[in-house]
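Each chain is listed here by its residues.
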Amino acid sequence: MNKLSRSQISAIDQQYIWHPYSSLTSPIPAYEVTSAHGVRIELSDGRQLIDGMSSWWCVIHGYNHPTLNAALHEQVERVSHVMFGGLTHEPAAKLARTLVDLTPTGLEKVFLCDSGSVSVEVAMKMAFQYWQSRGVTGKTRLLSLRNGYHGDTFGAMSVCDPITGMHHLFHDVLMQQVFSQAPRCGFDDDWDEAYITDFETQLSGHCDELAAVILEPIVQGAGGMRFYSPHFLQRVRELCDQYDVLLIADEIATGFGRTGKLFACEWADIAPDIMCLGKALTGGYMTLAATLCTEKVSDGICQGEAGVFMHGPTFMGNPLACAVANASIDLLLSSDWSERVQDIQSQLQVELAHARDFANVADVRVLGAIGVVEMKQAVDLATIQKAFVDRGVWIRPFGKLIYVMPPYIISEDDLQLLCHAMLEVIASLP
Ligand code: PMP
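What counts and how
Residues numbered from 1 in each chain as written. Predicted model: local features only at pLDDT ≥ 70, side-chain atom pairs only at ≥ 80, totals over all residues. Heavy atoms only, no water. UniProt positions renumbered as here; feature names shortened; annotations may be inferred. Buried < 20%, exposed > 50% of the residue type's maximum accessible area, 1.4 Å probe, protein only. Contact = heavy atoms within 4.5 Å. Polar contact = N/O pair within 3.5 Å; in protein donor to acceptor, adjacent residues only side chain to side chain. Near = heavy atom within 4 Å. Nonpolar A, V, L, I, M, F, W, Y, C, P; charged D, E, K, R; others polar. pLDDT = per-residue confidence, 0-100. Helix = DSSP H or I, 4+ residues; strand = E, 2+ residues; numbered from the N terminus. Lys, Arg positive; Asp, Glu negative; His and termini not counted. Salt bridge = Lys/Arg side-chain N within 4 Å of Asp/Glu carboxyl O. Phe/Tyr/Trp six-rings, centres within 6.5 Å; stacked < 30°, edge-to-face > 60°. Lys NZ or Arg CZ within 6 Å of the ring centre and 35° of its normal. Patch = residues over 30% accessible without salt bridge, like charges linked within 9 Å, V, L, I, M, F, W, Y side chains within 5 Å. Areas by Shrake-Rupley, 256 points an atom, 1.4 Å probe, with all protein chains shown as cover. Axes fitted to C-alpha atoms, helices over the stretch in contact; angles between N-to-C directions. Parallel < 35°, antiparallel > 145°, perpendicular 65-115°, else oblique. Left-handed = near helix turned anticlockwise from the far one by under 90°. Pairing = 2+ DSSP bridges. Core = buried A, V, L, I, M, F, W, Y, C linked by side-chain atoms within 4.5 Å.

Trainee: An account of the UniProt feature "modified residue: N6-(pyridoxal phosphate)lysine" (unreviewed entry) in the protein is requested, with residue identities and associated values reported.
Mentor: The UniProt feature table records "modified residue: N6-(pyridoxal phosphate)lysine" (unreviewed entry) at Lys279. Lys279 sits in the partly exposed class, given a relative accessible area of 27%. When residues no more than four places from it in sequence are discounted, the contact partners of Lys279 are Trp56, Trp57, Cys58, Ile252, Ala253, Gly284 and Leu288. There is a polar contact of 3.3 Å between the side chain of Lys279 and the backbone oxygen of Trp56.

Trainee: Before we move on, can you summarise the site of the ligand with the specific residues and values?
Mentor: With respect to spatial proximity, the complete set of residues near the ligand consists of Trp57, Ser115, Gly116, Ser117, Tyr149, His150, Gly151, Glu216, Asp250, Ile252, Ala253 and Lys279. A distance of 2.7 Å is found between a nitrogen atom of the ligand and a side-chain nitrogen or oxygen belonging to Asp250. The side chain of Lys279 places a nitrogen or oxygen atom 3.0 Å from a nitrogen atom of the ligand. Looking at the shell around the ligand residue by residue, the classes come out as four nonpolar, five polar and three charged.

Trainee: Lay out the confidence of the model for the protein in plain terms, naming residues and giving numbers.
Mentor: Averaged over the protein, the pLDDT score is 96; the fraction of residues at 70 or greater is 100%. What the predictor reports for the complex is a pTM of 0.98 with an ipTM of 0.99.

Trainee: How would you summarise the side chain of Arg258 if you had to cite specific residues and measurements?
Mentor: Along the chain, Arg258 falls in the loop between β10 (246–250) and β11 (274–277). The buried charged residue Arg258 lacks any salt bridge, with Asp51 as its nearest oppositely charged partner at 8.6 Å. Side-chain polar atoms of Arg258 contact the backbone oxygen of Met405, separated by 3.4 Å. Beyond its immediate stretch of four places on either side in the chain, Arg258 contacts Ser54, Trp57, Ile60, Ala253, Val341, Leu367, Gly368, Ala369, Ile370, Met405, Pro406 and Tyr408.

Trainee: Just give me the short version of the packing of aromatic side chains, but keep the residues and values in it.
Mentor: Between two aromatic rings, the relevant description is the distance of the centres plus the angle of the planes. The final tally for this structure, using the stated rule, is twelve aromatic pairs. With a centroid separation of 4.9 Å and 75° between ring planes, the pair formed by Tyr130 and Trp131 is classed as edge-to-face. The two residues Tyr130 and Trp131 agree in class, both being buried. Aromatic side chains Phe199 and Phe232 sit 6.1 Å apart centroid to centroid with 65° between the ring planes, which places their arrangement in the edge-to-face category. Of this pair, Phe199 sits in helix α7 (residues 197–206) while Phe232 sits in helix α8 (residues 230–242), and the two are 33 residues apart along the sequence. Classification of Phe199 as buried rests on a relative accessible area of 1%. The buried category is assigned to Phe232, whose relative accessible area is 1%. Of the aromatic side chains, those joined through ring pairs into one cluster are Trp57, Phe398 and Tyr403. Cation over ring: Lys279 sits above Trp57, and NZ or CZ is 4.5 Å from the ring centre.

Trainee: Residue-level account of a nonpolar patch on the surface, with values.
Mentor: Together, Leu4, Ile12, Tyr16 and Ile17 give the surface a local cluster of nonpolar side chains, amounting to about 380 Å² of exposed area. Mapped onto the elements of the fold, Ile17 is located in the loop between α1 (6–16) and β1 (33–37).

Trainee: Tell me about the packing of helix α12 (residues 381–390) against helix α13 (residues 412–428), and name the residues and values.
Mentor: Taken N-terminus to C-terminus, the directions of α12 and α13 make an angle of 135°; their axes are 10 Å apart at the nearest point. With respect to their mutual orientation, α12 and α13 come out oblique. Relative to α13, α12 is oriented so that their crossing is right-handed. Residues Ile384, Ala387 and Phe388 of α12 form the contact with α13, whose own contacting residues are Ala421, Met422 and Val425.

Trainee: Describe the sheet that holds strand β2 (residues 40–43), with residues and values.
Mentor: Taking strand neighbours across the sheet as the criterion, the four strands line up as β1-β2-β3-β15 in an open arrangement whose pairing is mixed. Every other strand in the sheet has two partners, leaving β1 and β15 (393–394) as the edge strands with one partner each. In this structure, strand β3 (residues 48–51) lies alongside β15, joined through two bridges in parallel fashion. Across the sheet, residue Asp51 finds its bridge partner in β15, namely Trp394.

Trainee: Tell me about the nonpolar core, and please be specific about residues and values.
Mentor: Side chains that are nonpolar tend, in soluble globular proteins, to be buried together. Grouped together as the largest cluster of nonpolar side chains are 100 residues, with contacts concentrated most on Phe199, Val213 and Phe256. Per element, the largest residue contribution to this core is eight residues, and it comes from α13. Ignoring any residue separated from it by four or fewer positions in sequence, one finds Phe199 in contact with Leu143, Leu145, Ser180, Val213, Phe232, Val236 and Leu239.

Trainee: Summarise the environment of Ser7; cite the residues concerned and give the values.
Mentor: Locating Ser7 in the fold gives a position in helix α1. For Ser7, a relative accessible area of 54% corresponds to the exposed category. Spatially, the C-alpha atom of Ser7 lies 50 Å from that of Cys185, the residues being 178 residues apart in sequence.

Trainee: Kindly report on the sheet that holds strand β6 (residues 178–180), identifying the contributing residues and their values.
Mentor: Reading across from one edge, β4-β12-β11-β10-β7-β5-β6 is the order of the seven strands in this open sheet, with mixed pairing throughout. Because the sheet does not close on itself, it has two edges, and the strands there are β4 (107–113) and β6. Strand-to-strand, the axes of this sheet are offset by a mean angle of 20°, without reference to chain direction. Sheet analysis places strand β5 (residues 141–145) next to β6, joined by three bridges and oriented parallel. Within β6, the position partnered with Leu143 by the bridge is Val178. Across the sheet, helix α5 (residues 116–133) touches β4, β5, β7 (210–215), β10, β11 and β12 (289–294), and the angle it forms with β12 is around 25°. Lying over the sheet, α7 contacts β5, β6 and β7, oriented at roughly 155° with respect to β6.

Rendered as C-alpha cells:
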C-alpha cells in the first residue's frame with residue numbers, strides 16, 4: 001500500500017475519523033504520532049513530546065519497551081488470537097494466577113475482557129446475577145458516588161455522575177441508579193463520621209433493591225480527579241457487609257501502582273467482592289481488562305438457575321494481550337516502582353505547590369504519580385493543548401482540570417519539564 005503523506009493523513013483524519021469526545025463539524029486538531037520511545041511521543045513534524053498522560057494512564061513503563069516488545073513478538077509466533085470458548089492457553093492461565101495472587105484476599109475468579117468499560121459491565125452483571133441466582137429478585141440497582149466515572153457503555157454510564165458527569169445527555173434512557181454524595185474528605189483529612197452519613201442513608205434506605213455499591217477506591221478520576229480518605233473506603237466496606245450489598249471496586253485507573261499502592265484498596269486494607277482492572281494491565285500495549293470476583297459471588301452465580309455467567313466477548317483472553325500483561329506485571333514487580341512513584345509524588349508536591357500562588361487556580365492535589373491543578377474556570381482544550389505541544393509536552397486537560405499522570409520511568413529532569421510547562425501555561429491563562 002502507498003504511504004500517505006502528512007497532509008493526506010491530516011485530511012483523512014479530519015474528514016472521516018471520530019476522535020474521543022469530539023465534534024466532526026468543529027474538530028480540534030489531532031497531532032500525528034509517528035513513533036514513541038520511553039516517555040517521549042514523536043510527532044510527524046519531528047517534535048518530541050514528553051507524555052504527561054501515560055496515554056490515558058496506561059503506559060506505566062514508557063513506550064517501546066524491549067521487554068514488552070519481546071513478549072509480544074514471542075507470543076505472535078505462537079498464537080495471536082484464539083476463541084476463549086472451550087479453548088485456553090498459557091498466557092491467560094499465568095495472568096489469572098498472577099492477578100489472584102496480587103489482588104486483595106478473596107478475589108479468586110477472573111473474567112478477562114477487552115476494555116475497562118466492559119469490565120464494569122461484567123461486574124454489574126455479576127452482581128445482578130448473583131442475587132437473581134439466589135432468588136433475591138429485587139436487588140437490581142447499584143449505588144454509586146457522585147463525581148464517579150466508570151466508562152462509556154450503557155451500564156457503566158448509568159453509574160457515572162448523573163449531573164456533572166459527561167453522560168447526563170443519556171440520563172433518561174439509562175438504568176436509574178442510586179447516588180450518594182461524593183466523599184467530602186480529602187485523602188489526609190481527619191476522619192469524621194459525618195463524612196459517611198449520606199452514603200449510609202442511601203445504602204440503608206435502598207438496600208433491598210441494591211445489588212452492589214460501585215466506586216473508584218481513593219481516587220475519583222475522570223469525574224473530577226479527587227482523592228478521598230481511606231477511612232471512607234473502610235466504612236463503605238463495613239456498611240456493605242452490614243446491609244448485605246456487594247462491593248465493586250473499579251481499580252481501572254488506580255490499579256498497578258498509580259496511587260503508591262499496587263491497588264488503591266490497599267490504602268484501606270479492604271477487599272471488595274468484585275474488582276475491575278484495565279488500563280495499565282498491559283502497560284498500555286494492548287486492550288485488555290479483567291473483572292475478578294470472590295468464590296462467594298461465582299458460587300452464587302453458578303449455583304443459580306442459569307448455571308452459567310452470561311457474558312463472552314470475542315476477544316476475551318486474547319493471547320497477545322495476556323502475554324504482554326504478564327510481561328508488564330513482571331516488569332513492574334521486578335522494578336523499584338514503589339520508590340519511583342513515591343519520588344514522583346514528592347517532586348510533584350514541590351513543583352506544583354507553586355501553582356497555589358496563581359489567582360486562577362482553585363486547588364492543587366497530589367497522590368502517588370498523579371498531580372492535579374484545578375482551575376477556577378474551565379480551560380479551552382484546543383488552545384491549551386497547543387500551548388503544551390509548543391512547550392514540548394503532552395498534557396490533555398478536561399474541564400477545569402490540568403493534571404499529569406506520567407509513566408513511572410520518567411526522569412527527574414523530564415518531570416521537572418512537565419511541571420514547568422504546566423506552571424507556564426497556567427500563568428498565561430486568564
Ligand atoms: N473506570 C474508570 C475508573 C476509568 O478511569 C475508565 C477510563 N478512564 C473506565 C472505567 C473505562 O475504561 P475504558 O476507557 O478502557 O473503557
